[in-house]
Every structure is written in structure tokens, then in C-alpha cells.
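# Inside the fold
Listed here are the chains, written in short residue letters.
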Amino acid sequence: MTQTLIDVRLTVNGEPVEHAVEPRRSLVDFLRHDLGLTGTHVGCEQGVCGMCTVLLDGEPIKSCIMLAVQADGAEITTTEALNGEELHPAQRAFKEAHGLQCGYCTPAFILTSVALRERGLDIPREELKEELAGVLCRCTGYQNILTAVETYLAADD
Amino acid sequence: MKPAPFAYERAASADEAVAMLDRYQGDARLLAGGQSLVPLLNMRLMQPEAVIDVNRIPDLDGVREDNGHVRIGALARYSAIEWSPIVGARLPLLSEIVRYIGDRQVRTRGTIGGSLAHADPTGEMALAALALDATIVVQSPTGTREIAARDFFLGPYFTVLEPADMVVEVRFPHHTMVTAFAEHARRHGDFCVISVAALGEPDGDAGWKTVRLAVGGASHRPFVADEASAALSNTALEPDAVEAAGAACVEAAEPSDDIRASADYRAHLLPIYVRRVLDQMKARRSQGAT
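What you are looking at is a predicted structure, and each value in this text was computed from that prediction instead of being measured.

Here the focus is the packing of aromatic side chains. Residue and element names in this part refer to chain B. Scanning the model with the defined rule gives three aromatic pairs over all chains in all. Pairing Phe152 with Phe153 gives two aromatic rings, centres 5.1 Å apart and planes at 85°, and the pair type is edge-to-face. The ring of Tyr273 carries Arg276 above its face, with NZ or CZ at 4.9 Å from the centroid.

Where interface size is given, it is often the accessible area lost as the parts come together that is meant. Structurally, chain B comprises domain 1 (7-53), domain 2 (63-173) and domain 3 (178-286). One C-alpha centre belongs to domain 1 of chain B, the other to domain 3 of chain B; they are set 35 Å apart.

Our focus in this paragraph is the interface of chain A and chain B. With 29 residues of chain A at the interface, the matching set in chain B holds 28 residues. Buried surface at the junction of chain A and chain B, both sides included, amounts to about 2700 Å², of which 53% is carbon and sulfur. When residues of chain A are sorted by the area they lose upon contact with chain B, Arg24(A), Ile65(A) and Gln70(A) head the list and together hold 24% of the total. At the surface where chain A touches chain B, the tally comes to five salt bridges. Linking Lys2(B) and Glu45(A) is a salt bridge whose minimum nitrogen-to-oxygen distance equals 2.5 Å. The tally of links between chain A and chain B comes to twelve residue pairs in polar contact (both at pLDDT 80 or more). Take the side of chain A that touches chain B: its biggest share by element is four residues, from strand β4 (residues 59-62) of chain A. Of the residues assigned to the side of chain A that touches chain B, the class counts are 14 nonpolar, six polar and nine charged.

Now for the side chain of Ser95(B). Residue and element names in this part refer to chain B. By secondary structure assignment, the location of Ser95 is in helix α5 (residues 92-98). On the basis of relative accessibility, which here comes to 7%, the residue Ser95 falls in the buried class. A polar contact of 3.5 Å, which involves the side chain of Ser95, links it to the backbone nitrogen of Gly88. Among residues more than four places away in sequence, those in contact with Ser95 are Val87 and Gly88.

Scoring rules and cut-offs
Residues numbered from 1 in each chain as written. Chains lettered and ligands numbered in written order. Predicted model: local features only at pLDDT ≥ 70, side-chain atom pairs only at ≥ 80, totals over all residues. Heavy atoms only, no water. Phe/Tyr/Trp six-rings, centres within 6.5 Å; stacked < 30°, edge-to-face > 60°. Lys NZ or Arg CZ within 6 Å of the ring centre and 35° of its normal. Domains from an automatic or database assignment. Contact = heavy atoms within 4.5 Å. Buried area = accessible area lost by both parts, 1.4 Å probe. Salt bridge = Lys/Arg side-chain N within 4 Å of Asp/Glu carboxyl O. Polar contact = N/O pair within 3.5 Å; in protein donor to acceptor, adjacent residues only side chain to side chain. Helix = DSSP H or I, 4+ residues; strand = E, 2+ residues; numbered from the N terminus. Nonpolar A, V, L, I, M, F, W, Y, C, P; charged D, E, K, R; others polar. Buried < 20%, exposed > 50% of the residue type's maximum accessible area, 1.4 Å probe, protein only.

Shown next, in the form of C-alpha cells:
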């Protein structure tokens with residue numbers, strides 16, 4: 001069955017993007033396959049594992065359970081937005097605290113942390129666990145991830 | 001795991017959304033936050049002809065006070081409810097319960113209207129609506145009507161909503177009762193195995209005038225445990241009253257086996273969680289919290 005394509009216009013990592021997509025295209029497939037932004041990972045495709053976390057207008061969402069057509073007019077931030085000459089402060093904190101092993105979940109944790117920092121709250125470790133609970137990690141046991149996020153949230157830069 | 005093809009419609013108003021629903025004659029689904037619908041589409045457990053996106057409808061996401069009620073628009077996101085000062089001040093039970101829904105990512109997107117229409121029997125929002133005696137405002141092609149939360153849920157993923165109905169608002173009456181909530185889930189943020197909410201109106205030094213218990217996960221739909229509530233009203237929540245309430249909840253429940261727990265285990269947990277939630281309610285009263 002051929003699907004009617006729908007035009008979407010949105011901002012991805014500060015750049016305007018125009019594309020025609022099938023209605024059933026998930027946002028994560030749009031980012032990865034249509035835009036080539038493969039830093040956003042795919043895990044369960046049912047909104048459980050959080051690997052596909054991106055920021056929608058600054059707030060973390062799971063891009064496997066949002067349709068690309070829904071992002072029309074939105075501002076999407078993926079892990080590629082943090083690329084630069086030097087490591088982003090969140091990336092540096094994860095590196096220094098050994099907050100990753102295989103790295104598959106890392107973009108999701110980092111973007112969730114960036115949104116947390118935007119909220120500007122002083123979050124105790126117990127609440128931090130709540131805030132990060134939407135992303136699963138199968139390697140680390142989470143302790144170093146928590147330390148990395150705490151370090152990043154407390155850093156001056 | 002990709003959805004089957006569907007037509008995508010975007011409604012600019014609730015009137016337009018219900019007109020579209022009417023046109024598809026039951027073969028369209030409303031897309032609000034999508035945190036339940038899109039997984040079902042991805043797994044092809046649902047293959048509607050059309051998905052009608054209601055996210056662009058203006059003025060449907062507000063939280064406001066009005067004449068003894070808190071009125072929450074159907075498109076209000078869980079995070080907005082969680083962070084709303086009005087909800088925090090007027091409906092602390094709702095503020096508390098909403099934090100048990102999914103995780104931060106889910107709460108960024110999920111909506112109160114979508115959650116109620118989806119009617120997951122373990123859903124925390126449905127339990128909150130029942131416990132807080134909410135009224136659900138529903139729009140259809142012929143007008144709007146108000147449905148009490150306790151008349152709304154019929155079974156698992158099944159409500160009194162007709163195919164061309166849309167939830168547009170949820171109204172919660174103000175109350176001054178002490179509240180408490182407890183749930184058991186296998187993993188943090190997972191669907192609950194069982195959940196219990198309690199509200200009580202203090203009476204005298206240690207007595208309780210009216211007590212209301214609502215139970216989730218223990219039947220094909222969440223329910224207000226009337227017999228158990230009656231067993232607790234006009235008591236001081238003495239151990240025998242609490243035990244009677246736990247037994248009455250088990251009697252009223254129709255637990256089933258599923259991937260998360262057996263029916264027997266749910267029945268085992270129920271009186272334990274009734275006791276815990278009542279202990280919490282008593283503790284909060286003595287701490288001066290309402």
C-alpha cells in the first residue's frame with residue numbers, strides 16, 4: 001500500500017529541515033534513516049528502554065513512540081547537537097566518572113541530563129534516580145552514571 | 001516492528017476531531033500523547049484506518065481553578081500536572097500519583113485525557129480520577145456531556161466512550177481530606193501489580209468520618225471499594241477495621257493472572273497495601289499534612 005506522504009518542517013539541532021514522510025514513520029526512524037543522525041539509538045520500539053530519547057522543545061521524549069509528522073514545527077535536539085571541538089561538559093562528566101561501558105544508552109542519558117540541567121533544579125540523588133529512570137543501562141549498574149550526572153549538574157560550566 | 005499504514009489527520013478543534021471520528025465510523029483512533037497508542041501501533045495490536053492527531057487543538061491543556069473545582073484540559077501533559085502549583089495546592093493526591101506514571105520521558109508527552117480514554121486497568125490516572133471523584137467531560141458530534149469517573153470505566157481498555165467521543169476535560173472537586181497512595185510494581189516505572197489510594201476526613205482527635213479507598217490492578221478495571229470504605233468510615237482505623245476493609249477489598253476484587261503477577265498474588269497483596277496506605281494516611285494526619 002502506497003502511503004500519502006506528508007510534508008514536515010521542523011528544526012533539528014538548530015537547522016531547519018523539510019521532508020516528506022509517511023504518517024507511520026517514527027521520529028527516531030526519521031532522524032536516523034531520513035536525516036542520517038544515527039547518534040539516536042533504537043532499542044525496544046515500544047517506549048520502555050529510552051534509548052531513543054531526544055529533546056522535543058527542550059524536554060526529553062522517546063522518539064520511537066512519537067510520529068515524525070507530529071514533530072512538524074517542533075525543535076528537536078539530538079546527541080549530534082553536542083558535537084564540537086571539545087567534549088560537551090556532560091560528555092566530559094560521563095568520561096571522567098566512567099559513566100559508560102558499551103555506550104549504547106549514553107546519548108539518551110546525556111540528553112536527559114541536559115534537559116535536567118535546563119530546569120536548573122538542585123536534585124538530590126534519590127530524585128535523580130527518578131528523573132533518569134526512563135533510560136535503561138545493561139552494562140554499568142548505574143552508579144557511575146549517577147555520579148556523572150551529579151558532577152555535570154553541579155559543574156560551573 | 002513498524003505500524004501498519006494509516007491515514008493521518010490533524011484536527012484543529014475538538015469539533016473537527018469528533019467529526020473526523022464520526023466519519024471513520026469507529027476505525028480511527030485519537031492521538032494525544034501517544035504513549036499507549038503508538039506502542040500498540042508499533043506492535044500492530046491496533047491497525048486503525050486513520051489516526052487523528054489532536055495535539056494542535058488550542059486551549060485544551062490548561063489547569064485552572066473554577067468554582068470549587070480544578071479543571072484540567074484533556075491535553076494537559078503529566079509533567080504539567082506534576083509541576084502545577086494549583087494541583088499541588090488543591091489535589092496533592094494527584095500530584096503524588098502522577099509521579100508513578102511511566103518515567104520523565106513518558107510524562108513529557110502523556111496526557112490525562114488519553115490516559116483515561118485508554119483505560120488501562122493498572123493505570124494510575126484512572127485510579128486518581130476515581131479516588132478524587134472526578135467528572136469527565138466528553139464531546140461528541142451532538143454536544144458535550146459529563147460522566148462521573150465511577151461510571152466511566154467498564155473493563156480493560158474499555159470505557160463508556162462511543163466511537164465518536166472525545167474526552168475534553170477532567171474536573172476534580174476541591175477537598176480537604178487527608179490522602180495517601182501506595183503501589184506495588186515489579187520494576188520502577190512499570191505498570192503496577194496493585195495500587196491503592198485512600199482519602200479520609202478527620203473527625204475529633206483520632207477518628208475518621210468519611211474514608212474512601214480506590215483500588216487499581218486488582219480487577220478488570222479500577223474501582224472504588226465501597227464496602228471497605230464503609231467499614232473504615234466513623235472509625236479510628238483500629239486494626240480490626242483495617243482488617244475488615246482489606247477483606248472487603250479482596251471480596252470486591254476480581255484479580256486475574258497476567259505476565260506481571262498471578263491472581264493469587266494480587267489477592268495476597270491487596271490487604272497488605274490497604275493497611276500500608278491507611279498507616280500512611282494516619283501518619284500524614286499526625287504530621288499535619290492534608
